Amino acid sequence: MEIIGEKINTTIKSVRRAVEERDGAFIQELARKQATAGAHYLDVNSGMALHPEEEAADFDWLVPVVQKAVDLPLCIDSSRRQPLEAALKLHKGRAMINSVNGDQPTMEMIFPLVKEYRCKIIALTSSKEKGIPSSSGERIKIAEEIVKESQIYRIPLEDIYFDPLVLPISTADNNAVLFLETLREIKQTFKAVKTISGLSNISFGLPKRRLINRIFLSLALAAGMDAAILDPTDNKIMAMAQATETLLGKDAFCGQYLNAFKEGRLET
Ligand code: THG
């Protein structure tokens, strides 16, 4: 499983302050902690900036600050052109963009950037017109439109990470099942594409959210999910992820599991 560390996100108050005050040490500490914990990408979000120019200026500062601290590619969390271009110009390695959806103007803006900068791209199965459809069939239809448009630019299918979108289980009993069904159908329909999720919306409105999030991660991995946006400094979720991958036959001779044990990464 590929892990995208979620913690450099201005929806978190302490991070918002650090970005506003240009507190590089704080951001670099968050970056190092997530890298040490096993993140493969770091999500970088400055979505609290109201104006695109402001968000672009934040990325001008954030991208080099983070990449000076850790040798990891970033997941640029924006859907606006100016901030994305600012971030991609400074980024070292192959970035991921978070995200495109099924809106035609958004696709026509994002896919040329994906092509030019050889990015990976997270694609949400939603659109302005349809919102987040309540059936997996309608979500697959949006995914089909995204795949079709992406092929105009010859984006390799394995660089597209579909996010089937999680709605809280507290608002409809079927929301987790709907997510898992959509994920399986996307993998069956498009074969080479990847799947990803932020997971934590599932537990919104319930107590002991991390309990729900951890079990949901295991279920999603069993359904074939390739990547997750999560807090890699949460030892319990990382231990669960490792045990699940081993159980799913993705760990020859339990080597990674035993290694994680030796390094003390299974202590919860
Ligand atoms: N899919 C995609 N992108 C996403 C999501 C997704 N980006 C945003 C989100 N979901 C994933 N990122 C985060 C980042 C931070 C936190 C949760 C998800 C977080 N939340 C604190 C909490 O839950 O306790 C509250 C914030 C705070 O401390 O103020 O840390 O699904 N493509």
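Only a predicted model underlies this, so the values are computations on that prediction, with no experimental measurement involved. (Residues numbered from 1 in each chain as written. Predicted model: local features only at pLDDT ≥ 70, side-chain atom pairs only at ≥ 80, totals over all residues. Heavy atoms only, no water.)

## Notes on a nonpolar patch on the surface
Our working definition: Here a patch means residues that are over 30% exposed by relative accessible area and free of salt bridges, tied together within 9 Å if like-charged and within 5 Å if nonpolar (Val, Leu, Ile, Met, Phe, Trp, Tyr). Accessible surface area values rest on a Shrake-Rupley calculation with a 1.4 Å probe, where residue burial reflects the displayed protein chains alone. Basic side-chain nitrogens of Lys or Arg form a salt bridge, by our definition, when they fall within 4 Å of a carboxyl oxygen of Asp or Glu. Put simply, DSSP marks the helices as runs of H or I at least four residues long and the strands as runs of E at least two long, and each gets a number from the N terminus on. Remark: exposure states derive from per-residue accessible area (1.4 Å probe, protein chains only) relative to the maximum for the residue type, with buried under 20%, exposed over 50%, and partly exposed in between.
A contiguous nonpolar patch, built from Leu 211, Ile 215 and Leu 219 and spanning about 280 Å² of accessible area, is present on the exposed surface. Positionally, Leu 219 belongs in helix H8 (residues 209-222). The class of Leu 219 is partly exposed, set by a relative accessible area of 43%.

## Side note on the side chain of Glu 245
To keep things clear, this is the line we draw: Asp and Glu are treated as the negative residues and Lys and Arg as the positive ones, with His and the ends of the chain left uncounted. Within 3.5 Å is the distance limit for a polar contact, defined as a pair of N or O atoms, with the added protein rule that one can donate a hydrogen and the other accept it, and that residues adjacent in sequence qualify only through two side-chain atoms.
Examined against the element boundaries, Glu 245 turns out to sit in helix H9 (residues 235-247). For the buried residue Glu 245, which engages in no salt bridge, the nearest side chain bearing the opposite charge is Lys 250, 4.3 Å off. A polar contact is formed between the side chain of Glu 245 and the backbone nitrogen of Met 1, at a distance of 2.7 Å.

## Topic: the site of the ligand
Which entries qualify depends on this criterion: The rule for a residue being near a molecule or strand is that one of its heavy atoms must lie within 4 Å of it. Side-chain classes follow a simple rule in which Ala, Val, Leu, Ile, Met, Phe, Trp, Tyr, Cys and Pro form the nonpolar group, Asp, Glu, Lys and Arg form the charged group, and the remainder, Gly included, forms the polar group.
Within the structure, the ligand sits among 13 residues, and Glu 6, Ile 12, Asn 98, Asp 163 and Gly 198 are positioned closest to it. A distance of 2.7 Å separates a nitrogen atom of the ligand from a polar atom in the side chain of Asp 163. Contact distances for the ligand include 3.3 Å between an oxygen atom and a backbone N or O atom of Gly 198. In isolation the ligand exposes 670 Å². Once the protein is present, 61% of that is buried. If you list the elements that add at least two residues to the shell around the ligand, you get strand E1 (2-9) and strand E5 (120-124). A breakdown of the residues in the shell around the ligand according to their chemical character gives 4 nonpolar, 5 polar and 4 charged.

## With respect to the sheet that holds strand E2 (residues 41-45)
Stated formally: Strands are labelled as partners when DSSP assigns at least two bridges between them. Helix axes are fitted only over the stretch in contact, all axes being lines through C-alpha atoms; the angle between N-to-C directions runs from 0 to 180 degrees. Any pair of residues with heavy atoms lying within 4.5 Å of one another is described as a contacting pair.
Spatial strand order, E1-E2-E3-E4-E5-E6-E7-E8: 8 strands in a closed barrel with parallel pairing. The mean angle between the axes of side-by-side strands here comes to 25°, regardless of whether they run parallel or antiparallel. Where E5 meets strand E6 (residues 160-163), 4 bridges bridge the pair, whose relative direction is parallel. Considered in E6, the bridge of Leu 124 is made with Asp 163. Contacts between helix H3 (residues 52-69) and the sheet are confined to E1, E2 and strand E3 (74-77), with E3 contributing the most and set at about 170° to the helix.

## Topic: unusual backbone geometry
The omega angle of the peptide bond from Asn 98 to Ser 99 is 25°, so this bond is cis rather than trans. Note that Ser 99 resides in strand E4 (residues 96-100). Here Arg 154, not a glycine, exhibits a phi torsion of approximately 50°, which is positive. Within the secondary structure, Arg 154 is located in the loop between helix H6 (136-152) and E6. Of note, the phi angle at Leu 165 is positive, near 70°, even though the residue is not glycine. Along the chain, the position of Leu 165 falls in the loop between E6 and helix H7 (175-190).

## A short note on the side chain of Thr 125
Structurally, Thr 125 is set in the loop between E5 and H6. Here the side chain of Thr 125 touches Pro 164 through a polar contact of 3.4 Å, landing on its backbone oxygen. Residues contacting Thr 125, with those up to four places away along its chain left out, are Pro 133, Arg 139, Ile 142, Ala 143, Phe 162, Asp 163, Pro 164, Leu 165 and Ile 186.

## Comments concerning the pattern of salt bridges
Here the structure, examined in full by the defined rule, presents 14 salt bridges. With a shortest N-O distance of 4.0 Å, Glu 29 and Lys 33 are connected by a salt bridge. With Glu 29 and Lys 33 both in helix H2 (residues 24-36) and 4 residues apart, the pair spans about one turn of that helix. Lys 33 gets classed as partly exposed once you look at its relative accessible area, which sits at 47%.

## Regarding the packing of H9 against helix H10 (residues 255-262)
Axes are the key here: two packed helices are described by the angle between their axes and the distance separating the axes. Rules: Note on terminology: angles under 35 degrees are roughly parallel, angles over 145 are roughly antiparallel, angles of 65 to 115 are roughly perpendicular, and the others are oblique. Working rule for handedness: look at the near helix, and if it is turned counterclockwise from the far one by less than a right angle, call the crossing left-handed; if clockwise, right-handed.
Across the interface, H9 lies against H10 with an axial gap of 9 Å and an inter-helix angle of 155°. Taken together, the axis directions place H9 and H10 in an arrangement best described as roughly antiparallel. The way H9 lies across H10 gives a crossing that is left-handed. Listed contacts from H10 to Gln 242, Ala 243 and Thr 246 of H9 are Gln 256, Tyr 257 and Ala 260.

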